[in-house]
Amino acid sequence: MMSSKILAWVTFLYFASFTGYLIGMIRGRDLWGKIASGAAAAGLLAHTAALLLRWKESYDLGIGHAPLSNLYESLVFFAWAVVFLYLVVEWRTRNRAPGVFVVPVAFFLMAFASLSPNVNDRIQPLIPALQSNWLTSHVITCFMGYAAFTVAFGLAILHLIKGRKKTGGTSRFLGLIPDREDLEELLYQSTLLGFVFLTLGIMTGSVWAHYAWGAYWSWDPKETWSLITWIVYAALLHARFVRGWRGTRLAVLALVGFAAMLFTYLGVNYLPSLHAYM
Amino acid sequence: MGIKQSPVWSFFSSLRLTLVLLAVLAVLAVVGTLVPQQETAQELARRFSPGTIQILSTLQVFDLYRSVWFLLVLGLLAANLVVCSLNRFPVSWRLFKAETPADERLFRDLPPERTAYPKGDREDILARAERALRRRYRDVRREELDRGVVFRGQRGRVTHLGVYAVHLGVLLILAGGVAGALFGFDGYVHIGEGETATAADLQGGKGQRNLGFAVRCDRFLVEMYDNGMPKTFQSDLTFLKNGQPALQGALLVNHPLTFEGIRFYQSSYGRSADGKARLSFTAKGEKKTEQTVTLGEAFALPGGEGTVQVLRVEEDMMQMGPAVKLGIRSDRGGIQFWVFRDIERIRRDNPGLYDQVPLFNPGLFAPYIFALEGVEERYYTVLKAATDPGLPLVMAGGLVLLAGLMIVFVVDHRRVWVLVEDARGKVRVAVTGRGQRTSAGLDRELSDLVRVFKEKGDAQG
Ligand code: HEM
């Protein structure tokens, strides 16, 4: 399939972009950062094209559906959303430092999607439970949320690194990281965005479950873990909003939230679940 | 002592409590995903000692999400939410209503790009300022300062109240969940193709519930894609009220049907022995006779040696495939034995079978040898039947929560002030503003406002 070939190149571009961000950060040169951003943007364009193409290819096979229906497709869309959100943040803040931590996540997702023997990249028809108009909105909202949390994760790591200034490291490296206050503001904004999307994702999922299984909530492990993730981020927002938590504690909560999110996405598959197909 | 001074109230009004409760809730939820719940828990029971199981069951670990613990935490959280919100509301209301008078200090140290010296006379410029603000902000007020006239425009003050919508949403969802658990029901209806059911088996083995009408499954349909993945599960149903067909429809996954307030979902399906089997037998040297038999049916052997009765029909007997149990009555007395369809394979896998288990020998009643050609199967469909009076509450809660989130996080309370004053024979306009959040949006708004006074021919104001 054409789309798979394009996606292989996209994976490569994200790796190139990551390398660029890394060299830019170590050498403190703007040129490498620009190359990295260019590679990420080119990758995103090709990625978008590949998604649309895969959508069309599914219609050619007579089983047309949006490319959001199995693990492979969700990984690919997840990576797309991560790069998309990251580039928006980079563009709005004019700072490339988070790229070193965010873009490799997209690269790993793509590499995992194409290399893991457990991930089937064929276009498959939809089983009855997936034949729902809610599938698309559910998957898009969930993964936009995941992507925003991933960006927040990158920012949280930067925040922690910046906080350990005393223990050394190249000062040029640290100099390129934005101020902790700015990082924190960005971290908070991405978390908010993720939280709104996750809320939407849980709600669309509930509506879908209501139609498909006759229960909007059945404490299925995936549902439960998404609620756990939601609770962690709700706690983060309250801690900041009401109790005025700042700095390291907030960054650590963002890491906990990210871990819960990853488990919701991938770990839950090792527990018995209705969501087994995703 | 007012209620607000009571220790109970102050306990529930701390956000630290909220954070603790949220953490406890998260931990309980994690435990619930690690320990098998409900039906699956019965498998676990075999691996532990009865004593351990007893303790764990008393702690309701196997039905955690309905356990006293879990409900207690949810209840505390709800109380916490209500008390905190009530405590906090007056503050938010004041912020919502706040009318801070314009202050000289607002206009101190403004950068030059926030001021303008427009042409025209004072009255003209005042009118223009007011028009420009009214166009952009719904709520505009005029104030007189010593220095000059100030127009204040604001929008988005509702953002101070959004939290209460979020919290109300959470409470509505919890209330809806409780209402559903108390007053709703959840059961499964098994119906063979062509059969009729009038009751649902309640979940958790809590007996049956009479539906008050009958459901007939006229046909069950499974369709597969070319690659063998399932494409469609469909039950064609007829709902009968007092024996009369009242509603007919196809039930598909994701497309429930509702009848008399009960929603039906296509849940699963299966195949079961229909009580019919195709049996054949030969006496030594004679021709094979084949006939279809039904469970309970009796027939006489052609030679008049006895009467055969079909005692059981199984589609999978002890995981050895289809089988029927026959009982034969004759002068020799009564005798019973099993006839397996795959008897040849079973014998190959279990040498000496007939000696060990004579009951499995299809030739037990000599001289006849019986054989099973097959068991007739037919589809049965499993419908989920449910009512949930809490559903409207939950839906309203979800919408309110979402609206609240938008109000809190997307709406910004923005206030802008436009000062019009005389400055050495000219009219000076100064523009400033405040928002709840730092964002580029306010800057853009202010620049936009200044431009009204900077451009020539700016009657568009
Ligand atoms: C869904 C997302 C939620 C958001 C966005 C949210 C937002 C907020 C905000 C902004 C405040 C501060 C109110 C103020 O300063 O006037 C607050 C307070 C509070 N929230 Fe939430 N909340 C959410 C969910 C919850 C949940 C699920 C609970 C627990 C059941 C909860 C419990 C509380 C409590 C108890 C307070 C009061 C703290 C105090 O006033 O000292 N919230 N919330």
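Our structure is the block above this text.
Given the structure is predicted, the values throughout are model-derived calculations rather than measurements.

## Some thoughts on the overall build of chain B
Here comes step 1: Helix and strand content of chain B: 11 helices and 18 strands.
Here comes step 2: Taken over C-alpha atoms, the radius of gyration comes to 39 Å for chain B, far larger than the 23 Å a tight globule of 461 residues would show.
Here comes step 3: Burial status across chain B gives 43% buried among its 461 residues.
Here comes step 4: Long-range pairs, those at least 24 residues apart, make up 58% of the contacts in chain B with a sequence separation of at least 6.
Here comes step 5: As presented, chain B carries roughly 24,800 Å² of accessible surface, and 55% of it is formed by carbon and sulfur atoms.

## Describing the sheet that holds strand 14 (residues 323-330) of chain B
Residues and elements named next belong to chain B.
Here comes step 1: Judged by pairing direction, the sheet is antiparallel, and its four strands sit side by side in the order 12-13-14-15 without closing on themselves. Edge positions in the sheet fall to strand 12 (298-300) and strand 15 (333-340), since each has one partner strand and no second. Recorded for the sheet is a direction-independent mean angle of 25° between the axes of neighbouring strands.
Here comes step 2: Of the pairings in the sheet, the one linking strand 12 to strand 13 (residues 306-314) comprises three bridges and is antiparallel in character. Following the sheet pairing, A298 is matched in strand 13 by Q309.

## Thoughts on a nonpolar patch on the surface
All names here are of chain A.
Here comes step 1: A cluster of nonpolar residues, L31, W32 and I35, forms a patch on the protein surface that exposes about 290 Å² of accessible area.
Here comes step 2: Take I35: it is sitting in helix 2 (residues 30-60).
Here comes step 3: Residue I35 is classed as partly exposed on the basis of its relative accessible area, which comes to 46%.

## A closer look at the sheet that holds strand 3 (residues 148-155) of chain B
Residues and elements named next belong to chain B.
Here comes step 1: Judged by pairing direction, the sheet is antiparallel, and its five strands sit side by side in the order 1-18-17-3-2 without closing on themselves. On the outer flanks of this sheet lie strand 1 (115-116) and strand 2 (139-144), each paired with one strand and no other.
Here comes step 2: Summarising the sheet, strand 2 and strand 3 pair through six bridges and their orientation is antiparallel. The residue of strand 3 that forms the bridge with E144 is V149.

## Comments concerning the interface of chain B and chain A
Here comes step 1: Each partner contributes residues to the interface: chain B has 43 residues there, and chain A has 42 residues.
Here comes step 2: Contact between chain B and chain A buries roughly 3,600 Å² in total, counting both sides, with carbon and sulfur atoms accounting for 73%.
Here comes step 3: Ranking the residues of chain B by area buried against chain A places T33(B), N254(B) and F409(B) at the top, with a combined share of 18%.
Here comes step 4: Across the chain B-chain A interface, the total number found is zero salt bridges.
Here comes step 5: Here chain B is connected to chain A by nine residue pairs in polar contact (both at pLDDT 80 or more).

## Topic: the pattern of salt bridges
All names here are of chain B.
Here comes step 1: Evaluation of the coordinates by the stated rule reveals 32 salt bridges over all chains.
Here comes step 2: For R105, the salt bridge goes to D103, with nearest N and O atoms at 2.9 Å.
Here comes step 3: When the shortest N-O distance is used, the salt bridge between R428 and E421 registers 2.5 Å. The exposure classification of R428 matches that of E421, with both residues buried.

## Notes on the coordination of the iron atom of the ligand
Here comes step 1: Note on the iron atom of the ligand: its protein donors are H238(A) (NE2) and H167(B) (NE2). The metal-donor distances range over 1.9 to 2.0 Å.
Here comes step 2: In this structure, the iron atom of the ligand is coordinated by six donor atoms arranged in octahedral fashion, with angles at the metal of 86 to 179°. Here the residue H238(A) occupies a position in helix 8 (residues 221-241), and H167(B) occupies one in helix 7 (residues 162-183), the pair thus bridging two chains.
Here comes step 3: According to the relative accessible area criterion, H238(A) is partly exposed, its value standing at 23%.

## Remarks on helix 7 of chain B
Here comes step 1: Look at helix 7 of chain B: 31 Å from first C-alpha to last across 22 residues, which is about the 32 Å you get at 1.5 Å a residue.
Here comes step 2: Among all positions of helix 7 of chain B, only G162(B), Y164(B), A165(B), V166(B), H167(B), G169(B), G176(B), A179(B) and G180(B) are buried.
Here comes step 3: For helix 7 of chain B, the elements touching its buried residues are helix 8 of chain A together with helix 5 (68-97) and helix 10 (391-409) of chain B.

## Description of the packing of helix 8 of chain A against helix 2 (residues 15-34) of chain B
Here comes step 1: Contact geometry of helix 8 of chain A with helix 2 of chain B gives a least axis separation of 9 Å together with a crossing angle of 160°. Judged by the angle between their axes, helix 8 of chain A and helix 2 of chain B are roughly antiparallel. Crossing geometry of helix 8 of chain A relative to helix 2 of chain B is assigned as left-handed. Every residue of helix 2 of chain B that contacts helix 8 of chain A at P221(A), T224(A), W225(A), I228(A), I231(A), A235(A), H238(A) and A239(A) is listed here: L15(B), L19(B), L22(B), L25(B), A26(B), A29(B), V30(B) and T33(B).
Here comes step 2: Its residues assigned to classes, the contact of helix 8 of chain A with helix 2 of chain B shows 13 nonpolar, three polar and no charged.

## Remarks on the site of the ligand
Here comes step 1: Near the ligand, the surroundings consist of 20 residues, among which H238(A), L81(B), C84(B), R88(B) and H167(B) are the closest.
Here comes step 2: This site is not confined to one chain, since residues near the ligand come from chains A and B.
Here comes step 3: Here an oxygen atom of the ligand sits 2.9 Å away from a polar atom, N or O, in the side chain of R88(B).
Here comes step 4: Here a nitrogen atom of the ligand sits 2.7 Å away from a polar atom, N or O, in the side chain of H167(B).
Here comes step 5: Breaking the shell around the ligand down by element, the ones donating at least two residues are helix 8 of chain A together with helix 2, helix 5, helix 7 and helix 10 of chain B.
Here comes step 6: Counting residues per element, the shell around the ligand draws most heavily on helix 5 of chain B, at six residues.
Here comes step 7: Each residue belonging to the shell around the ligand can be placed in one class, and the counts come to 14 nonpolar, five polar and one charged.

## Some words on helix 2 of chain B
Residues and elements named next belong to chain B.
Here comes step 1: In this model, helix 2 (20 residues) spans 29 Å end to end at C-alpha, consistent with the 28 Å of a helix rising 1.5 Å per residue.
Here comes step 2: Those residues of helix 2 that fall on the buried side of the exposure criterion are L15, L17, T18, L19, L21, L22, L25, A26, L28, A29, G32 and T33.
Here comes step 3: The N-cap of helix 2, judged by a side-chain oxygen 3.2 Å from the amide nitrogen of R16 a few residues on, is S14.

## A closer look at the nonpolar core
Here comes step 1: Residues Y14(A), Y21(A), F78(A), F143(A) and F409(B) are the most contacted members of the largest nonpolar core, which totals 118 residues.
Here comes step 2: When neighbours within four sequence positions are excluded, F409(B) is seen to be in contact with Y188(A), L192(A), V196(A), L237(A), F241(A) and R437(B).
Here comes step 3: In terms of nonpolar packing, the next biggest core, distinct from the first, is built from 23 residues, L211(B), C217(B), F233(B) and V253(B) among them.

## With respect to the packing of aromatic side chains
Here comes step 1: Under the defined criterion, the tally for this structure stands at 40 aromatic pairs over all chains.
Here comes step 2: With 5.9 Å between their ring centres and 85° between their planes, W9(A) and F12(A) make a pair best called edge-to-face. Separated by three residues within a single helix, W9(A) and F12(A) lie in helix 1 (residues 2-27), roughly one turn from each other.
Here comes step 3: Relative accessible area serves as the criterion here: at 61%, W9(A) is assigned to the exposed category.
Here comes step 4: Relative accessible area serves as the criterion here: at 49%, F12(A) is assigned to the partly exposed category.
Here comes step 5: When the ring of F107(A) is compared with that of F108(A), the centres are 5.5 Å apart and the planes differ by 50°; the resulting orientation is tilted.
Here comes step 6: Judged by its relative accessible area of 17%, F107(A) falls in the buried class.
Here comes step 7: Judged by its relative accessible area of 55%, F108(A) is exposed.
Here comes step 8: Through successive ring pairs, a cluster of aromatic residues spans F281(B), F299(B), F337(B), F365(B), Y368(B) and F370(B).

Rules used throughout
Residues numbered from 1 in each chain as written. Chains lettered and ligands numbered in written order. Predicted model: local features only at pLDDT ≥ 70, side-chain atom pairs only at ≥ 80, totals over all residues. Heavy atoms only, no water. Helix = DSSP H or I, 4+ residues; strand = E, 2+ residues; numbered from the N terminus. Rg over C-alpha atoms; globule rule 2.2 N^0.38 Å. Buried < 20%, exposed > 50% of the residue type's maximum accessible area, 1.4 Å probe, protein only. Contact = heavy atoms within 4.5 Å. Areas by Shrake-Rupley, 256 points an atom, 1.4 Å probe, with all protein chains shown as cover. Pairing = 2+ DSSP bridges. Axes fitted to C-alpha atoms, helices over the stretch in contact; angles between N-to-C directions. Patch = residues over 30% accessible without salt bridge, like charges linked within 9 Å, V, L, I, M, F, W, Y side chains within 5 Å. Salt bridge = Lys/Arg side-chain N within 4 Å of Asp/Glu carboxyl O. Buried area = accessible area lost by both parts, 1.4 Å probe. Polar contact = N/O pair within 3.5 Å; in protein donor to acceptor, adjacent residues only side chain to side chain. Donors = N, O, S within 2.8 Å, 3.2 Å for Na, K, Ca; no water. Tetrahedral: all angles 85-135°; square planar, octahedral: opposite > 155°, others 65-115°. Expected span 1.5 Å × (residues − 1). Parallel < 35°, antiparallel > 145°, perpendicular 65-115°, else oblique. Left-handed = near helix turned anticlockwise from the far one by under 90°. Nonpolar A, V, L, I, M, F, W, Y, C, P; charged D, E, K, R; others polar. Near = heavy atom within 4 Å. Core = buried A, V, L, I, M, F, W, Y, C linked by side-chain atoms within 4.5 Å. Phe/Tyr/Trp six-rings, centres within 6.5 Å; stacked < 30°, edge-to-face > 60°.

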